[in-house]
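Residues per chain, in single letters:
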Amino acid sequence: MIYRLVQGLAKVFLYLYHRVEVEGLDRIPKEGPVLLVGNHVSYLDPFYMGAVFPRRVHYMAKKESFSHPVTRWFLRHFGAFPVNRDKPDVRTIKTAIGYLNMNRVVGLFPEGGRRDDAPMEELKQGAAYLALKTGSTLVPMYIEGTEEALPRKSKWIYPVRIRIRTGEPIQPQMTGKMRLEQERISREILCSFRELAGLEKRK
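Residues numbered from 1 in each chain as written. Predicted model: local features only at pLDDT ≥ 70, side-chain atom pairs only at ≥ 80, totals over all residues. Heavy atoms only, no water.

Colleague: Describe the overall build of the protein, listing the residues and the values that go with them.
Modeller: Within the protein, the regular secondary structure consists of seven helices and seven strands. Start at the N end of the protein and walk to the C end: the helices and strands fall as α-β-β-α-β-α-β-α-β-α-β-α-β-α. Relative to the compact-globule value of 17 Å for 203 residues, the protein shows a C-alpha radius of gyration of 16 Å, a close match. In terms of overall dimensions, the protein has C-alpha extents of about 50 × 40 × 30 Å along its principal axes. Expressed as a percentage of the 203 residues in the protein, the buried residues total 45%. Within the protein, residue pairs in contact and separated by at least 24 positions form 72% of the contacts whose partners lie at least 6 positions apart. On the protein, roughly 11,500 Å² of surface is accessible, and the fraction owed to carbon and sulfur atoms is 55%. (Helix = DSSP H or I, 4+ residues; strand = E, 2+ residues; numbered from the N terminus. Rg over C-alpha atoms; globule rule 2.2 N^0.38 Å. Buried < 20%, exposed > 50% of the residue type's maximum accessible area, 1.4 Å probe, protein only. Contact = heavy atoms within 4.5 Å. Areas by Shrake-Rupley, 256 points an atom, 1.4 Å probe, with all protein chains shown as cover.)

In structure tokens, the structure reads:
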């Protein structure tokens, strides 16, 4: 109940304050396990993506966010769980697989951290691994404007227009060796991000 209340408030804030533009939500599967994979340029990204996503999202959050008791309570209350961005441990992987096996949505940022202005060139393969391991559908989501709405070191959120675009779902298929399939799917996610960003056209 609290999740839906906060989600509703965040959605109202997005539409009134940021005049958010949202595209492609009809592409999101209404049921079954889903991996929401997003680009990451601001601390606002998971909150704003979660606000418009029609299903509840359990986000992987960097372990440092759980160091403070207040943020730890908040994150755990909303189903987030910690991840070591350098090397995810077994507990994190098991938690994600558990949610997916219950046909829920797990959200993560395969870039491994906030990107700033650097171009999207390489992704970590955790999302591809989880998709292949559980048969979960990957849903790419691209957000822009949050890096200007909340610049680094800023304590104020500015009324910048936010755009959120959802790409075509990616269905994992094991046709070869695990490592090669992870690399293939990671490239497909990256291509989807670049397409949603308007950097290239889908072939």
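Colleague: Describe in detail the sheet that holds strand S3 (residues 57-62), supporting the description with residues and values.
Modeller: Taken in spatial order, the seven strands make up an open sheet running S1-S7-S6-S2-S5-S3-S4, and their pairing is mixed. Each end of this open sheet is capped by a strand with a single partner; those strands are strand S1 (21-23) and strand S4 (81-83). For this sheet the average axis-to-axis angle between neighbouring strands, irrespective of direction, equals 25 degrees. The sheet contacts of helix H4 (residues 90-101) involve strand S2 (34-38), S3, S4 and strand S5 (105-108), and relative to S4 the element is tilted by about 135 degrees. (Pairing = 2+ DSSP bridges. Axes fitted to C-alpha atoms, helices over the stretch in contact; angles between N-to-C directions.)

Colleague: With reference to specific residues and values, describe H4.
Modeller: Taking 1.5 Å of rise per residue, the twelve residues of H4 would be expected to cover 16 Å, and the 16 Å separating its terminal C-alpha atoms lies within 8% of that figure. Inspection of H4 places Thr92, Ala96, Ile97, Tyr99 and Leu100 among the buried residues, and these make up the whole buried set. With its buried residues spanning 160 degrees around the axis, H4 presents them on a single face. Counted as exposed and oriented over 90 degrees from the buried face of H4: Val90, Arg91, Lys94 and Asn101. Contacts made by the buried residues of H4 are with S2, S3, S4, S5 and helix H5 (126-134). (Expected span 1.5 Å × (residues − 1). Arc of directions from axis to C-beta.)

Colleague: So what about the side chain of glutamine 182? Which residues, and what values?
Modeller: Turning to its location among the elements, glutamine 182 is positioned in helix H7 (residues 178-196). A distance of 3.1 Å separates a polar atom in the side chain of glutamine 182 from a polar atom in the side chain of glutamine 125. Not counting residues up to four positions away in its chain, the partners in contact with glutamine 182 are Gln125, Ala128, Tyr129 and Leu132. (Polar contact = N/O pair within 3.5 Å; in protein donor to acceptor, adjacent residues only side chain to side chain.)

Colleague: Tell me what's going on with the nonpolar core, and back it up with residues and numbers.
Modeller: Judged by nonpolar contacts, the single largest core of 25 residues is most densely connected at Phe53, Ile162 and Ile164. At the level of elements, helix H1 (2-17), S2, helix H2 (45-52), S3 and strand S6 (137-144) are the ones that each hand at least two residues to this core. Ignoring any residue separated from it by four or fewer positions in sequence, one finds isoleucine 164 in contact with Val20, Glu21, Val22, Glu23, Tyr48, Val52, Met141, Tyr142 and Ile143. Core analysis: the second largest hydrophobic core is formed by 23 residues, Leu100, Ala128, Leu132 and Phe193 among them. (Core = buried A, V, L, I, M, F, W, Y, C linked by side-chain atoms within 4.5 Å.)

Colleague: Give me the lowdown on unusual backbone geometry, citing residues and values where you can.
Modeller: Backbone geometry follows two general trends: most residues other than glycine have a negative phi, and most peptide bonds adopt the trans configuration. Here asparagine 103, not a glycine, exhibits a phi torsion of approximately 65 degrees, which is positive. Tracing the backbone shows asparagine 103 in the loop between H4 and S5. The class for asparagine 103 is partly exposed, based on a relative accessible area of 44%. For lysine 153, which is not glycine, the phi dihedral falls at a positive 70 degrees. According to the relative accessible area criterion, lysine 153 is exposed, its value standing at 86%.

Colleague: Could you give an account of the pattern of salt bridges, naming the residues involved and the relevant values?
Modeller: One pass over the structure, following the stated rule, counts seven salt bridges. For arginine 163, the salt bridge identified is with glutamate 21, shortest N-O distance 3.2 Å. Pair noted here: arginine 163 is in strand S7 (residues 163-166) and glutamate 21 is in strand S1, with a separation of 142 residues, a long-range link. Across the pair glutamate 183 and arginine 179 runs a salt bridge whose closest N-O atoms are separated by 3.2 Å. Taken together, the residues span about one helical turn, with glutamate 183 and arginine 179 both in helix H7 at a distance of four residues. Taken together, the shared-partner salt bridges in this structure form one network comprising Glu21, Arg161 and Arg163. (Salt bridge = Lys/Arg side-chain N within 4 Å of Asp/Glu carboxyl O.)

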